[in-house]
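# Architecture and fold: a report
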Amino acid sequence: MQTASKKPKAYRLRVNFWDTFRSGFLKNNTTQIIDPPSTQGEEKEEDEKLPEEFVLLGKTLEDGSVERDNIFFRIGCIGLFDLENGGKLIGMARATLDHAFNAAIWDVLVDPSYQGQGLGKVLVENLIKSLLQRDVGNVSLFANSKVIEFYQNLGFEVDMEGIKGMFWHPKY
Amino acid sequence: MLLRARISAPFSAGLRLRPTVPLPLGNLHVPASTAASATSFSISDAGLASRGFTLHRSISGLNIDHLNTIFVAVGFPKRDPEKIVVALEHTDSLIWIQYERDQKPVAFARATGDGVFNAIIWDVVVDPSFQGIGLGKAVMERLIEDLVERGISNIALYSEPRVLGFYRPLGFVADPDGIRGMVYSRKQKKKKK
């Protein structure tokens, strides 16, 4: 985690990998907590109900478990929640993966009012760590010119070995 | 536009599939040449059949060891066949061509993604002995058609420099609007701020 000059807030980082293709319908609660020293001793809530904003990735059933559409089984998603603000979702990053060789990162987002505090880096670093733990050889992404440096600082290389990203009939 | 639910038997046995929600068409530009019509392919299915090739859209019947041999022949690192199976089980779309005379795969391509917005095409290979006759184009055109039919309009891939010219006529553009492909490199030291 960043060593920030300001006092770090109590952000809880949840990594949900809905790897249910192999393990059934229960959510795989690989929860990683990054707590600044001031919040040590806080209880971990194993079965915390996901905030409403996560509905797009799955349906929360009455018993609190999350049912996922088959389409999203191969997605790893990481969410960042502000505990001091009702557990509100303030950041997210998403990866699709084939569980053997390749993963692609999409949609790295941090709420604008929370930007500038290194949260994007935290999201991506943790997502990469989880992906690499999951038998993935290769993590890739597409970056527009404004964020190329951001990803370079996290260990990504542009056009590695001359390999170029291409898009089919892009709307540009 | 309704999305077809993707069933990749036999691996989906026991999993419940919900029909996906319709997507607004938005600004999807699909040139007439790639509209969903068999006659618009460079070589039609019938054309392939007459040359002794059959098309397959599932992992069923695919000999992984033969596929691995093609991967090695085109310069990919040799991969654990069991891992290849895992990868293919977690793959949204795949297509391969078999040469009927010796019952071996000769061309292959697959795409992974989130099933609604984005897809990335991987592992596009043609057995070197069968290159140059349009099989690579055949699998690519059909794979793209499958993705487009499912409403996936953001289709990307990573191309080695020497095959950029293969992908361009298929409609792929490198670095559109300055968007660059990046890969995580563990060798690289992260700059600490």
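Residues numbered from 1 in each chain as written. Chains lettered and ligands numbered in written order. Predicted model: local features only at pLDDT ≥ 70, side-chain atom pairs only at ≥ 80, totals over all residues. Heavy atoms only, no water.

Looking at an unreviewed UniProt entry, chain B carries the name histone acetyltransferase, with the source organism given as Trapa incisa. As recorded by UniProt, the Sequence similarities (unreviewed entry) comment attached to chain B reads in full: "Belongs to the acetyltransferase family. GNAT subfamily." (UniProt positions renumbered as here; feature names shortened; annotations may be inferred.)

For chain A, an unreviewed UniProt entry supplies the name N-acetyltransferase domain-containing protein and the organism Trapa incisa.

This part covers the overall build of chain A. Along chain A, the regular secondary structure elements total three helices and nine strands. Out of the 172 residues belonging to chain A, those deemed buried represent 54%. Across chain A, every contact between residues at least 6 apart in sequence was considered, and the portion connecting residues at least 24 apart equals 59%. Total accessible area on chain A stands at roughly 7,900 Å², and carbon and sulfur atoms take up 49% of it. (Helix = DSSP H or I, 4+ residues; strand = E, 2+ residues; numbered from the N terminus. Buried < 20%, exposed > 50% of the residue type's maximum accessible area, 1.4 Å probe, protein only. Contact = heavy atoms within 4.5 Å. Areas by Shrake-Rupley, 256 points an atom, 1.4 Å probe, with all protein chains shown as cover.)

Applying the stated criterion to the full structure yields 12 salt bridges over all chains. In this structure, the salt-bridge partner of Asp123 of chain B is Arg110 of chain B, at a minimum N-O distance of 2.8 Å. Here Asp123 of chain B, found in strand β4 (residues 118-126), pairs with Arg110 of chain B, found in strand β3 (residues 104-113); they are 13 residues apart in sequence, far enough to count as distant. In this structure, Asp123 of chain B and Arg110 of chain B share a single accessibility class: buried. Connected via shared salt-bridge partners are Asp98 of chain A together with Arg79, Arg110 and Asp123 of chain B. (Salt bridge = Lys/Arg side-chain N within 4 Å of Asp/Glu carboxyl O.)

What follows is about the confidence of the model for chain A. Residue and element names in this part refer to chain A. Residues at a pLDDT of 70 or more form 56% of chain A, whose mean pLDDT is 68. When pLDDT is averaged over each helix and strand of chain A, the minimum, 28, is found for helix α1 (residues 20-23) and the maximum, 96, for helix α3 (residues 148-152). For residues 1-8, every residue scores under 50 in pLDDT, and the model assigns this stretch nine contacts once sequence neighbours within four places are set aside. pLDDT under 50 marks residues 18-59. Its contacts with residues more than four places away, or in other chains, come to 103 contacts. (pLDDT = per-residue confidence, 0-100.)

Judged by nonpolar contacts, the single largest core of 32 residues is most densely connected at Ile97, Ile121, Leu135, Met140, Ile155 and Phe172 of chain B. Listing elements by their share of this core, those giving two or more residues are β9 (164-168) of chain A together with β2 (93-99), β3, β4, α4 (135-149), β5 (154-159) and α5 (164-167) of chain B. Considering each element in turn, this core owes the most residues, eight residues, to α4 of chain B. With residues up to four places along the chain from it excluded, the contact list for Ile97 of chain B reads Leu48, Phe53, Thr54, Leu55, Lys104, Pro105, Val106, Ala107, Leu135, Ala138 and Val139 of chain B. Formed by 27 residues, the second largest nonpolar core is a distinct cluster that contains Ala103, Val110, Val136 and Phe156 of chain A. (Core = buried A, V, L, I, M, F, W, Y, C linked by side-chain atoms within 4.5 Å.)

Our next topic: the sheet that holds β2 of chain B. Taking strand neighbours across the sheet as the criterion, the seven strands line up as β1(B)-β2(B)-β3(B)-β4(B)-β5(B)-β9(A)-β6(B) in an open arrangement whose pairing is mixed. With partners counted over all chains shown, the strands left at the sheet margins are β1 (53-56) and β6 (172-174) of chain B, one partner each. Each strand of the sheet is rotated relative to its neighbour by a mean of 25°, with strand direction disregarded. As judged from the three bridges shared by β9 of chain A and β6 of chain B, these two strands associate in the antiparallel manner. Across the sheet, the residue bridging to Met166 of chain A is Ala174 of chain B, located in β6 of chain B. Of the strands in this sheet, β9 of chain A together with β1, β2, β3, β4, β5 and β6 of chain B are in contact with α4 of chain B, which crosses β2 of chain B at around 150°. (Pairing = 2+ DSSP bridges. Axes fitted to C-alpha atoms, helices over the stretch in contact; angles between N-to-C directions.)

Glancing now at the packing of aromatic side chains. Going through the model one piece at a time under the given rule, you end up with 14 aromatic pairs over all chains. Ring geometry for Phe71 of chain B versus Phe108 of chain B: centroids 6.1 Å apart, planes at 85°, classification edge-to-face. Residue Phe71 of chain B is found in helix α2 (residues 64-73), and its partner Phe108 of chain B is found in strand β3; the two are separated by 37 residues along the sequence. In this pair, the class of Phe71 of chain B matches that of Phe108 of chain B, namely buried. Pairwise contacts between aromatic rings join Trp106, Phe142 and Phe167 of chain A together with Trp122 and Tyr158 of chain B into one cluster. (Phe/Tyr/Trp six-rings, centres within 6.5 Å; stacked < 30°, edge-to-face > 60°.)

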